[in-house]
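Observations on the model geometry
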Amino acid sequence: MYNTGNLVKEMVERHGRNRDSLMPILQDIVGRHNYLTDEAMVEVAKELDISAAEVYGTASFYSFLDTEPRGRYVIRVCKTITCSMKGKNDILGAIEDLLKIKLGETTLDNQFSLLETNCIGWCHKAPAILINDMPYTELTPEKVLDVIKGYMNK
Amino acid sequence: MENRGLIKVDLIFETIDSGKVLSKAFRMSNDEIIKEILDSGLRGRGGAGFPTGMKWKFTAAEKDQEKYIVCNADEGEPGTFKDREILDRVAYKVFGGMAIAGKAIGSKKGYVYLRGEYRFLLPQLYTELDKFHKLIKEIGYDFSIEFRMGSGAYICGEESALFESIEGFRGEPRNKPPYPTTCGVFNKPTSINNVETLVTAMMIIEKSAAEYVKLGTQDSRGSKVFSISGDTPTPGIFELELGMTVGEFVAEFGDGDTKAVQVGGASGFCVPRKKFDETIIGFEGVPTGGSMKLFNSSRSMYNVLHNYLDFFTEESCGQCTPCRVGCQQLLLGIEKVKKGEMKSVYLNELVKLADTMKVASKCGLGQSVGNAFKSIVENFREEIIY
Amino acid sequence: MINLKINDQHVNVPEGTTVLNAAKELGINIPTLCNHKDLCVAGNCRVCVVEQKGARTLIAACAMPASEGMEIYTNSLKVRNARKHIVELLLSEHKSDCTKCYKNQKCELQRLANEYSFGEEVFLDLTEEVKYKIDRSSPSFIKDDSKCIRCQRCVRTCSQLQQVSAIAVANKGSHQKISSFHDRPMSHVVCTNCGQCVNRCPTGALVEKTYIDLVWDAIYDSDKHVVVQTAPAVRVALGEDLGYDPGERVTGKMVTALKQLGFDSVLDTDFTADLTIMEEGTELLTRLKKALVDGDKEISLPMFTSCSPGWIKFIEHKYPKLLNNLSTCKSPQQMFGALSKTYFAQKRNIDPSKIVSVSIMPCTAKKYEADRPEMRSSGYKDVDYVLTTRELAVMVKQAGIDFRNLEETKYDSVMGDSTGAAVIFGATGGVMEAALRTAYEIVTGREVPFKNLNIAPVRGMDGVKEATVKIEGTTEDWNFLEGAELKVAIAHGLVNANKIARAVAEGKASYHFIEIMACPGGCIGGGGQPIPTNMEIRQKRMEAIYSEDENLPLRKSHENPEVIAIYNDFLTKPNSHKSHELLHTHYVERESY
């Protein structure tokens, strides 16, 4: 859990208080903390004068606007057809073994969360994953371990 | 039917003098621009293929002072990645196309709705956008562009869902009519065009419609960027003239063992080997937003269909019954048939259901789930059952 | 005008008319589900799809405007097949335990299923695949997601009519659902329990929490004296659930039915409605005096009415800074409850611990109100059970009463007398009108200067109504009000209440007294009223309320003989110490989500 502090106020200053400010605000909060706390959503609702249920309803529509706690690095493994054909399960297994978590879980040190996602637009270089915003492509189980180890040392 | 054969071209990624093309466009009247685009026969490159000139013409005809041009960069169709490549390599042509469209319809403001999966491109796109804004200012034209981001929702590629998303709501498609050209983003007349369409429009202004119509066929003018993946030795981005057969395509890109090609992504059609030679890639045959996925004989078409249905079950916005429940029924249905828990004749019921989804769903997503479902079930029935 | 053809018949309709309504002109019925007269078009359920000649797909009749030359077929093979599939799909995601369902025989999905008379299930039962949540946390209603068919009527109700949005659509695809803020229990969110969603839910996904069986238990317990009170709006709507047309008054028959059901004393909330006028009117005049004469800066004006528990919870969540502007008066229901176990018990010489106090309300929020911890000033739970109008109709049917042929009888006494002023509490503007009838007379000694006592400016269905009453010829005690203009406002439906509350909060309103009812139309349109409730039906019930008023011999609260008696015998005077103990309350600030 992160502390909301002045975060929402800062985002509102940047993006405004209109309904169309909602997505940029939520996206920026997620950009910084990888997920939305209830506290943050309630505060956004107050600032924008909309109901908290609507903020939650909107956020939960978008798979990248997580409302469950996530780690510092969110790994999203593409599960759509080409990545599936080209060894997605091996990649997933390698990550699970390395981080000792299962799909959907977050490491105890809150560093990594492991999720699946739909097509991320790298079918010609499958299998591919996203770590936060960054794509990694043409992965092998060995290669993905190197990538993640790189993040471990960050 | 015309058959042009497979011809590679290089127009979309070709370097052009943006300032020169824009200056030329801004000297033209909006009617002249629209006429040029109409004459070119350009149809939307996102997949639906609505004539771009018509879209601009309708939006231009609206009286409202405030109008928008929206670039649909929510490229989410499985197997499509050409818009990412275009934005990565020639973003200035996307912006240029938007400015020309803006001039044509009478809009001073554009939005690029970029899918969240491509957020990593944003820093370089902002650099390009700054350059573009400077250029526009130099030319002395009033037009600006803003980026809006998606956050992982395939349905936001549907135009009215995209507007909802820009406006800060759940990306749920609207009832139509009204259409975007009269009531689009922020309820203002809006022309929403795919990334590649805008680049192509700029190219047409540069080269003229007369040049452009030399490419492609009567129904499918010009060339198109294809995203090629799956079982192919040469996956990647290729610009090809429209009007080739799937057979010619497979001869070029297949691995010698291609048993099916999925044209147009999960919402497109599966073409089996026996129909390769009779099927033209284009609006007269199988239309595509560019996604071409090849499957060789080692692949289970059950797995392919299952993957697609799983995708739609998750990515349906969920508001209308045929799509929300229909996707779940198709998915669960093929699982039960595969496991032997349902008889194989149940597939016939599911095909009928797919037909209902096609005619009764609220938007293009639900309406096109049946494409893949029917073409796979009809051509690979035994793979689904056993 | 637009010219189109439906099923080969010509029809002319004004521009903007939907295909659905154009078909109605021809007497052609197109089934609907997500559509509701009170709400904006959704076009979600697709049950109303019809065929348009030349169109690639079917079209949703509710969402499609008629256009010139259109040719529509509402019953073609294509339409029938699709519609049948759509209903089958809805059934596959709906837990169809119909015989056990509270909405059995009142369910719109069941009705559709019936029309298409399905035999065997075509599709797989999806409810087995999902773990649904049944939220029983609210004392007012139950939210059962396994019955939900995602028509979103409830969500549109909560946002468009009430501007509360305690529920919204969450997630997407197969996980899409109607959810409170992050799935919190309904008792722990901004929900006002108004029940407007319950009134509009086509299935059993949102139903009132019923206390029918507990009431039967009390009735059959010979040790208990069961007192029942009936709210003003019940008598003009109950008939709808018992085969009458909207707008038919069934007061006398209802009283007889309650007696036949076995209630020991059949009394009237209208009695405490009259009492509310005395208490609230006095409170207002006192506030005005303190503010205007004594210059007391602590006095909060304007004063809001406090009869509507949905409104109370709304303001507690959304405008906690305005809580001092609320009248401290309890609602008539709760005044009645407190008095039933004190004054009534004394008068009738009954041990209050043996009294079970039941109320029949047009409202689901009243169930919640009765459960509030503040509502125990008699030393007991002041109101034990609250039943809605709908639940009373169920009891009447359970008891096998031939309602239509009942004799009309009068309420028991004490606490059964009332005036027309109390009856009109049931319609928006009614409390205001009743208050003005009494307050004006207290201050001037004369009747309120409106023809036949009917204060037209505060009546009607406008969302926000305003009126100014000039006070002239005051009596000596009230001459500080001489020449003053009393500014009043009335809002019904929380979307309108919110407009006024916001204006007050921002200091932009110059009113003295504001009546607010949470539900559109006031209590006649309450969440506990017969289904369907819509504008047309609310209008009819409202007309019935005003005709009930006009037909009563007494039409001013202060003339109610039982009210005069209770002050003489028990309360001494309005806003007395005793009144405050039993008839007034306080409010609490609540969370914003």
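Rules of the game
- Residues numbered from 1 in each chain as written.
- Chains lettered and ligands numbered in written order.
- Predicted model: local features only at pLDDT ≥ 70, side-chain atom pairs only at ≥ 80, totals over all residues.
- Pairing = 2+ DSSP bridges.
- Helix = DSSP H or I, 4+ residues; strand = E, 2+ residues; numbered from the N terminus.
- Contact = placed C-beta atoms within 7 Å.
- Axes fitted to C-alpha atoms, helices over the stretch in contact; angles between N-to-C directions.
- Nonpolar A, V, L, I, M, F, W, Y, C, P; charged D, E, K, R; others polar.
- Buried ≥ 20, exposed ≤ 12 C-beta atoms within 10 Å, placed from the backbone.
- Right-handed = clockwise from strand over helix to strand, strands pointing away.
- Expected span 1.5 Å × (residues − 1).
- Domains from an automatic or database assignment.

1. Some thoughts on the sheet that holds strand β2 (residues 9-13) of chain C
All names here are of chain C. If you walk across this open sheet you meet the five strands as β2-β1-β5-β3-β4, and the pairing is mixed. A strand with exactly one partner marks an edge of an open sheet, and here the two such strands are β2 and β4 (59-60). Note: strand β3 (residues 49-52) against strand β5 (residues 71-73), two bridges, orientation antiparallel. Residue Gln52 lies in a different strand from β5, and its bridge partner there is Ile72. Docked against the sheet, helix α2 (residues 77-92) engages β3 and β5, running at close to 155 degrees with respect to β3.

2. Notes on the interface of chain C and chain B
Reports of interface size often rely on the accessible area that becomes lost once the parts have come together. Taken together, the contacts link 30 residues of chain C with 30 residues of chain B. Counting residues per element, the side of chain C that touches chain B draws most heavily on α2(C), which supplies eight residues.

3. Observations regarding the interface of chain A and chain B
Across the boundary between the two partners, chain A contributes 31 residues, which contact 38 residues of chain B. Elements represented by at least two residues in the side of chain A that touches chain B include exactly α2 (22-33), α4 (52-61), α5 (81-85) and β4 (134-136) of chain A. Counting residues per element, the side of chain A that touches chain B draws most heavily on α5(A), which supplies four residues. Broken down by class, the residue content of the side of chain A that touches chain B amounts to 16 nonpolar, 12 polar and three charged.

4. Let's talk about the pairing of strand β12 (residues 265-268) of chain C
Residues and elements named next belong to chain C. Across the two faces of β12 the burial is the same, with Ser265 and Leu267 and Val266 and Asp268 all buried. Pairing geometry for strand β11 (residues 225-230) and β12, over four bridges, is parallel. Each residue of the ladder has a partner; that of Val227, found in β12, is Ser265. In terms of handedness, the path from β11 via helix α7 (residues 251-261) over to β12 forms a crossover that is right-handed.

5. Let's talk about α2(A)
In this model α2(A) runs 16 Å from its N-terminal to its C-terminal C-alpha over 12 residues, within 8% of the 16 Å that 1.5 Å per residue would give. Each element contacted by the buried residues of α2(A) is listed here: α1 (7-15), α3 (38-48) and α4 of chain A together with β3 (144-149) and α6 (159-166) of chain B. Downstream of α2(A) by a residue or two, Asn34(A) has a phi angle that is positive, lying close to 75 degrees.

6. Considerations on the domain arrangement of chain A
What the domain assignment reports for chain A is domain 1 (7-61) and domain 2 (73-152). The C-alpha centroid of domain 2 of chain A is placed 28 Å from the C-alpha centroid of domain 1 of chain A.

7. Examining the environment of Gly19(B)
Residues and elements named next belong to chain B. Mapped onto the elements, Gly19 comes out in helix α1 (residues 18-27). Overall, Gly19 belongs to the partly exposed group, with 14 C-beta atoms counted inside 10 Å. Each C-alpha atom, one on Gly19 and one on Gly44, is 24 Å from the other, the two residues being 25 residues apart in sequence. When neighbours within four sequence positions are excluded, Gly19 is seen to be in contact with Leu135 and Ile139.

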